[in-house]
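# Observations on the model geometry
One letter stands for each residue in the lines below.
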Amino acid sequence: MLLAGVLGLDPILAAPVVAAVLFAFGWVLQRGLVNRFVERPEHMQFILLLGIATIILNAMLMLFGPDSRNVMVPYSFDTVEIGPLLLDAVRLRAGAGAIVVTVALFAFFRFSRTGKAIRACADNPLGARVVGLNIDGLYALTFGIGAGVVGIAGALMTLLVDSRPQLAPEYTLLSFIIVIVGGLGSLPGALLGGMLIGFSEAMAGFLLDPSLKSLFSYGVLIVVLLLRPQGLLGKRS
């Protein structure tokens, strides 16, 4: 939002810059603070990250205020015609960007040595340490990648919604629903879950009432948990 408002930079072009800045922030935060809590009980880790999130939220309120802000791009009102369909150009570009990032992450974790090392640390930290992997460094790298991806998501979302500091908790909860529906630990599952939740909310808003969108999201979550507790593409533990 800052790059778009001050420099007039398209959010899609600003996404790599935002990702790089947040990657560095996430790496330093994990390396300097969060790593010290890895061996502590999970509730202490949760409280730590909740406190960090609260500090960031209030810092954003102090710097930018509580008002919503939007970004206008030259193609804000453009449409793309595909056969009988008219698609919003902004949503099409944001969706394409999300798919590209998802595919890139999947390829990184599936085929690169670093990605395989990160997966090994997640599956068996003790075994990964025994074979000589730098656990602390990989944790910091993973946290940085996660922060960078969040930055890309935020940059793409400025094309679709008005930005305000209080927006984060709403989409954090929605992200949790998507991950559970798709299956924990599955990137294709997260993509499928996001598409399913997005489609269900869009149809609920179009056919019934926009205020019922969340009702359908939680309905999908409940159905998936009842029929397939591990998620659509998740594996049984």
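Residues numbered from 1 in each chain as written. Predicted model: local features only at pLDDT ≥ 70, side-chain atom pairs only at ≥ 80, totals over all residues. Heavy atoms only, no water.

- The name an unreviewed UniProt entry assigns to the protein chain is Branched-chain amino acid ABC transporter, permease component (LivH-like), from the organism Azospirillum baldaniorum.
- Per UniProt, the protein chain carries the Sequence similarities (unreviewed entry) text "Belongs to the binding-protein-dependent transport system permease family. LivHM subfamily." (UniProt positions renumbered as here; feature names shortened; annotations may be inferred.)

### Points about the overall build of the protein chain
- Counting secondary structure elements, the protein chain contains ten helices and two strands.
- Burial statistics for the protein chain: of 237 residues in total, 29% are counted as buried.
- Partitioning the contacts of the protein chain with sequence separation of at least 6, the portion at a separation of at least 24 is 59%.
- Looking at the protein chain, you have 16 positive and 13 negative side-chain charges, and the mean spots of the two groups are 14 Å apart. (Helix = DSSP H or I, 4+ residues; strand = E, 2+ residues; numbered from the N terminus. Buried < 20%, exposed > 50% of the residue type's maximum accessible area, 1.4 Å probe, protein only. Contact = heavy atoms within 4.5 Å. Lys, Arg positive; Asp, Glu negative; His and termini not counted. Charge placed at Lys NZ, Arg CZ, Asp CG, Glu CD.)

### Points about a nonpolar patch on the surface
- Judged by side-chain polarity, Phe199, Met203, Phe206, Leu207, Leu208, Leu215 and Phe216 come together as a nonpolar surface patch covering roughly 770 Å² of accessible area.
- Breaking the nonpolar patch down by element, the ones donating at least two residues are helix H9 (187-207) and helix H10 (213-227).
- The leading source of residues in the nonpolar patch is H9, at four residues.
- Positionally, Met203 belongs in helix H9.
- By relative accessible area, Met203 is classed as partly exposed at 32%. (Patch = residues over 30% accessible without salt bridge, like charges linked within 9 Å, V, L, I, M, F, W, Y side chains within 5 Å. Areas by Shrake-Rupley, 256 points an atom, 1.4 Å probe, with all protein chains shown as cover. Salt bridge = Lys/Arg side-chain N within 4 Å of Asp/Glu carboxyl O.)

### Some thoughts on the nonpolar core
- In terms of nonpolar packing, the biggest core is built from 16 residues, with Leu105, Ile118, Cys121, Leu138 and Ile152 touching the most fellow members.
- Contributions of two or more residues to this core are made by helix H2 (11-32), helix H4 (89-111), helix H5 (113-123) and helix H7 (135-157).
- Formed by eight residues, the second largest nonpolar core is a distinct cluster that contains Ile177, Ile178, Ile180 and Val181. (Core = buried A, V, L, I, M, F, W, Y, C linked by side-chain atoms within 4.5 Å.)

### Focus: the packing of aromatic side chains
- Tallied over the entire structure, the rule returns one aromatic pair.
- Measuring from centroid to centroid gives 5.1 Å for Phe108 and Phe109, while their planes differ by 70°, and the two rings are edge-to-face.
- The class of Phe108 is partly exposed, set by a relative accessible area of 24%.
- The lysine or arginine in question, Arg40, covers the ring of Phe37, its NZ or CZ lying 4.4 Å from the ring centre. (Phe/Tyr/Trp six-rings, centres within 6.5 Å; stacked < 30°, edge-to-face > 60°. Lys NZ or Arg CZ within 6 Å of the ring centre and 35° of its normal.)

### A look at the pattern of salt bridges
- By the definition in use, this model includes one salt bridge.
- In this structure, Asp88 engages Arg91 in a salt bridge whose closest nitrogen and oxygen atoms are separated by 3.7 Å.
- When its relative accessible area of 30% is taken as the criterion, Asp88 is described as partly exposed.
- Residue class for Arg91 comes out exposed when judged on its relative accessible area of 52%.

### Focus: the UniProt feature "transmembrane region" (unreviewed entry) in the protein chain
- Residues annotated in UniProt with the feature "transmembrane region" (unreviewed entry) correspond here to residues 12-34, 46-65, 85-109, 138-161, 173-199 and 206-227.
- In this annotation, residues 138-161 is assigned 83% helix and 0% strand; the end-to-end C-alpha distance for the span is 34 Å.
- Between the end C-alpha atoms of residues 206-227 there is a gap of 27 Å, over a span that is 77% helix and 0% strand.

### Digging into H2
- With 22 residues, H2 ought to run about 32 Å at 1.5 Å a step, and its terminal C-alpha atoms sit 30 Å apart, in line with that.
- Of the residues making up H2, those classed as buried are Pro11, Ala14, Ala15, Ala19, Gly26, Leu29 and Gln30.
- Near the N-terminus of H2, the side chain that reaches the backbone nitrogen of Ile12, with its oxygen 2.8 Å away, is that of Asp10. (Expected span 1.5 Å × (residues − 1). Polar contact = N/O pair within 3.5 Å; in protein donor to acceptor, adjacent residues only side chain to side chain.)

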